[in-house]
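Remarks on the overall topology
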Amino acid sequence: MITIDRLTKTFGTQTAVDALSLEIPAGQIVGFLGPNGAGKSTTLRMLTGMIEPTSGSATICGFDLASQVIEVKRHVGFVPESGAVFESLTGLEYLTMVAALYAIPEAAAVERIRQFIAFFDLSFETLTEKLLGAYSKGMRRKVVITSALLHNPPVVFFDEPLDGLDANAAVGFKALIQSLAHEGKTIVYSSHILDVVERVCDRVIIIDKGRLLLDGAPDELVTSHGTGTLEKLFTQLTGGEELERRAEDFARTFRQ
Amino acid sequence: MSSPPPATHSVPSSERVLRRLFLTLFLRGRTSRGTGQFRKKGGPPTSVGRKLALVLGFYAFFGLYSLSLLGQTVFVLATYLHAMTLVLVGMYVASSAGEVLFNKEEGDILLHRPIEPSVLLRARIAMLVQVSLWLAGAFNLVGLFVGIGARDGGWLFPLVHAGSAVMEALFCTATVVVVYQLCLRWFGREKLDAFMTATQVIVSIAVVLGGQIVPQLMLRLEGTTLVSVGDWWVAFLPPAWFAGIDDAIAGSGSGNAWWLALLGVAATSGVVWLALSRLAGDYQSGLQTMSESAPRKPRRGRRGLIDRLVGVPPLRWWLQDPVSRASFRLTASYLARDRDVKLRIWPGIAPMLAIPFLIMLPSGGDADDVMNVAGVGFGAAYLGLAPLMALNMLEFSQQYQATDVFRLAPMRGPAALTHGARRAVLVLVAFPMMVAYGGIMLLTGQPASALVMLLPGLISLPVFAMFPGLGGHGVPFSRAPETHKGAGRTLYIVGAMIASGVVAGISAWAHSTGWLGWMLTGETLLALTLYFTMRATVQRAKWGSLE
């Protein structure tokens, strides 16, 4: 479903993603992990056609990212970390606008939107009466997730999708992505909430400084490294062990 | 497995959807704070579109000036109308194009959708052209009918002039877009930000030169307000090309008019072709640059310079309050570094900075002549508006939400922040311009005695600079850019221009009658009174409510 071959992105002298190669089959939920600045968002932005790779190649649903980028975009959904929306549109205006960009007729779009808002426990009135700028962060995130799934894409990229969602919505969302995977969709899920990744994902990919560090099933990785939890494995791999000492140093500055 | 729906013909095209989207965003603003958040039952959401109607009304009122050209030839009337249209449309396009064409927030929403960059570009240009046409239409409304009564005019004029105005709006918009695309092509994506700003400043100045200043130069060169279609130099003026269309079809129909018309049609076709076809590929790479989130190293030199400036007298004495000093640093850093602020401020005040230099160009007469001296006075007074404009614009930023940190700080009101921003603008914008103004004045042959005419403008400068801080306003970067649009701001600026014109007029009169010394004393006393009264008001101001 997704094939990445030595995908690289450099910004000036800085290499954000360094010759990343992966194969992700259909129906898999992949946790895409890494510390801040590891290159996760840059990778997702390349795979969604938002930025051009410096070198390497990728195909999504058989479409080449370099030469068939519009087809790639037609087959992917993306929830960016920023959760940006047009704040001066109502939720319904925004979602029907997005649907039109995927050539979904308005009646069909509204029907799908109704299903999504029922799932997310939003009222249709809120969607039609209120501008997105007046939505809470969680409500806005629900609209962004809906906009990524409206066109029923076979591949969905989530960049920190739980940001702003309340506990119930987060539980519902986890159930949603598992259902989507059962439908055969490929889910790439980038998050810092490692216990969620551990519970939801079939496979975990950890990158740091743009390079692939680890790739495998979460329980297998945890067992083979003997760390007990994914969180401990992650900190071990990405140099996070010093965090406790640094926190103590930081707290000491208040005592001076 | 399910797959995306196939494209159908029962839905509007992406381009149409995007055109509607961008127009809606223009009318409502891109963010909601300060523009109203709720849709009223049965009506549209609170919108800057309502304010736009007032702006259009103001432009239509401004267009009444063309009545003074009743009885002139079609070419003279049309040159005036097209020159002013070029200024109004050019200013709008130059100040909006950066945000419309390369909006980073929009990148996250639209760039992963299946939209061809050329479609995105066309939709954005269409929105710019549409708004340009509204502005041009409002300004030219009266002129259309004045043309019927022109010496060689007739009933054909309104139709032809409407067509040539549309062509001029297209020319203007496409030219700005081409300039951006050429910057992308020649200087690359990495330097786009810096060049976009520089480009807008240059375009703004060029628009002012091409549209507003040229008639003044014509006055000085020919000793008359009339411009003739037979003059060789009119071929270098874009407004004359479009006036040529009017004159060729609805006026004299002379051979020169046809040549100018041909030039206008060729230039418009050329830039539209370049913008939408030849250079469209560069737009895609520009969009991708906006999406790249690689950290950029701050330019140490500038920050170092600001720190050094703040650390030495007299700025160290002037910025003793730590909040004002921090606000000064923030403002100075953003003036030098932030793309959004640079794109808003420098193009916005560029004409303010350019016009005084042109006003004081020697008229060819005696250097001591009354018009020259008055011109210096008017130029200085006009330049005094630059900090007012800059401070007014500095209040708006795409990062306005970050300034909530000011409200969280233990401060009773925004006075200290306002003072810091005001001082930064005075030091970094107004002072260098005044020095350059004086220098150029001497270089262009003005007598040293004319330097005294800078004083009325200089004296009024602190008063104008205090205005934006009244009523709890003037906190740098604290309001959404959308709240910036509207008639209120235009009227505010026009009011300030009238005030500066009055100061300059009185000083010119006082200079010619030998009363300048008394006038300066009176102005100083009045300025001090106003300054301290306004300063006390600013000090007392509390935080306004957040909508």
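Residues numbered from 1 in each chain as written. Chains lettered and ligands numbered in written order. Predicted model: local features only at pLDDT ≥ 70, side-chain atom pairs only at ≥ 80, totals over all residues.

**Let's talk about the overall build of chain B**
Secondary structure summary: chain B contains 21 helices and 0 strands in total. By residue count, 50% of the 547 residues in chain B fall in the buried class. At a minimum sequence separation of 6, the contacts of chain B that also span at least 24 residues come to 84%. (Helix = DSSP H or I, 4+ residues; strand = E, 2+ residues; numbered from the N terminus. Buried ≥ 20, exposed ≤ 12 C-beta atoms within 10 Å, placed from the backbone. Contact = placed C-beta atoms within 7 Å.)

**Looking at the overall build of chain A**
Helix and strand counts for chain A stand at 11 helices and 10 strands. By the compact-globule yardstick of 18 Å for 256 residues, chain A fits well, its C-alpha radius of gyration being 19 Å. In terms of overall dimensions, chain A has C-alpha extents of about 55 × 50 × 35 Å along its principal axes. Looking at chain A as a whole, 48% of its 256 residues are labelled buried. In chain A, once contacts between residues fewer than 6 apart in sequence are set aside, the share between residues at least 24 apart is 67%. (Rg over C-alpha atoms; globule rule 2.2 N^0.38 Å.)

**Some remarks on the sheet that holds strand S1 (residues 2–11) of chain A**
Two orientations exist for strands paired in a sheet by backbone hydrogen bonds: parallel and antiparallel. All names here are of chain A. Taken in spatial order, the 4 strands of this open sheet run S2-S1-S4-S5, and their pairing is antiparallel. In the strand order of this sheet, the two ends are held by strand S2 (14–24) and strand S5 (63–64), each with one partner. Inspection of the sheet shows S1 paired to strand S4 (residues 55–60) by 5 bridges, in the antiparallel sense. Within S4, the position partnered with Thr8 by the bridge is Ser55. Packing of helix H1 (residues 40–47) onto the sheet brings it into contact with S1, S2 and S4, and relative to S2 it is tilted by some 60 degrees. (Pairing = 2+ DSSP bridges. Axes fitted to C-alpha atoms, helices over the stretch in contact; angles between N-to-C directions.)

**Notes on the domain arrangement of chain A**
All names here are of chain A. Once the domains are mapped, chain A shows domain 1 (1–75 + 154–256) and domain 2 (77–152). The C-alpha-based centres of domain 1 and domain 2 are spaced at 25 Å. Each partner contributes residues to the interface: domain 1 has 15 residues there, and domain 2 has 16 residues. At the level of secondary structure, the elements contributing two or more residues to the side of domain 1 that touches domain 2 comprise strand S7 (155–159) and helix H7 (167–182). The dominant element in the side of domain 1 that touches domain 2, judged by the number of residues it contributes, is S7, at 4 residues. Residues that form the side of domain 1 that touches domain 2 fall into these classes: 6 nonpolar, 4 polar and 5 charged. (Domains from an automatic or database assignment. Nonpolar A, V, L, I, M, F, W, Y, C, P; charged D, E, K, R; others polar.)

**Some points on the packing of helix H16 (residues 385–394) of chain B against helix H19 (residues 455–466) of chain B**
Residues and elements named next belong to chain B. At their nearest, the axes of H16 and H19 sit 8 Å apart, and the two run at 15 degrees to each other. As summarised for this structure, H16 and H19 are arranged roughly parallel, according to the angle between their axes. As for how H16 packs across H19, the hand of that crossing is right-handed. Touching Leu385, Pro387, Leu388 and Leu391 of H16 are Leu461, Phe464 and Ala465, all from H19. In the contact of H16 with H19, the residues fall into 7 nonpolar, no polar and no charged. (Parallel < 35°, antiparallel > 145°, perpendicular 65-115°, else oblique. Left-handed = near helix turned anticlockwise from the far one by under 90°.)

**Structural notes on H16(B)**
For H16(B), the buried fraction is high: 10 of the 10 residues fall into the buried class. For H16(B), the set of buried residues is Leu385(B), Ala386(B), Pro387(B), Leu388(B), Met389(B), Ala390(B), Leu391(B), Asn392(B), Met393(B) and Leu394(B).

**Observations regarding the pairing of S7(A)**
All names here are of chain A. Of all 5 residues in S7, 5 are buried, a share of seventy percent or more. Side-chain alternation along S7 places Val155, Phe157 and Asp159 on one buried face and Val156 and Phe158 on a second face that is also buried. The sheet contact formed by strand S6 (residues 76–79) and S7 spans 4 bridges and is parallel. Paired with Val76 across the strands is Val155, a residue of S7. Taken together, the 5 bridges between S7 and strand S8 (residues 186–190) define a ladder with parallel strand orientation. Of the residues in S8, the one forming a bridge with Val155 is Thr186.

**Observations concerning the sheet that holds strand S3 (residues 29–33) of chain A**
All names here are of chain A. The strand order across the open sheet formed by 6 strands is S6-S7-S8-S3-S9-S10, and the pairing between neighbours is mixed. The open sheet is flanked by S6 and strand S10 (211–216), the only strands paired with a single partner. With direction set aside, neighbouring strand axes in the sheet form an average angle of 15 degrees. Each of S6 and S7 is contacted by helix H6 (residues 137–149), which is oriented at about 170 degrees to S6, the strand it contacts most. Sheet strands in contact with helix H10 (residues 230–237) are S3, strand S9 (203–208) and S10, and its direction is about 25 degrees off that of S9.

**Some points on the environment of Val146(B)**
Residue and element names in this part refer to chain B. Relative to the helices and strands, Val146 is located in helix H5 (residues 117–146). Taking the number of C-beta atoms within 10 Å as the measure of exposure, Val146 has 26 and is therefore buried. Distance from Val146 to Trp543, taken between C-alpha atoms, is 49 Å for residues 397 residues apart in sequence. Setting aside residues up to four positions removed in sequence, Val146 forms contacts with Ser66, Leu67, Leu69, Leu70 and Leu77.

**Regarding the nonpolar core**
If you look at the biggest cluster of nonpolar residues, it comprises 162 residues, and the most contacted ones within it are Ile187(A) and Tyr189(A). Looking at this core element by element, the count peaks at 19 residues for helix H3 (residues 74–101) of chain B. Excluding residues within four positions of it along the chain, Tyr189(A) makes contact with Ile29(A), Val30(A), Gly31(A), Phe32(A), Phe158(A), Ile177(A), Val197(A) and Cys201(A). In this structure, Met393(B), Val463(B), Phe467(B) and Val475(B) belong to the second largest nonpolar core, which totals 61 residues. (Core = buried A, V, L, I, M, F, W, Y, C linked by C-beta atoms within 7 Å.)

**Points about the packing of helix H1 (residues 14–28) of chain B against H5(B)**
All names here are of chain B. Orientation of H1 relative to H5, taken along the N-to-C sense of each, is 45 degrees, at an axis distance of 8 Å. Judged on the interaxial angle alone, H5 and H1 are oblique. Relative to H5, H1 is oriented so that their crossing is right-handed. Where H1 abuts H5, its residues Ser14, Glu15, Leu18, Arg19, Phe22, Leu23 and Phe26 lie against Val119, Leu120, Arg122, Ala123, Arg124, Ala126, Met127, Gln130 and Val131.

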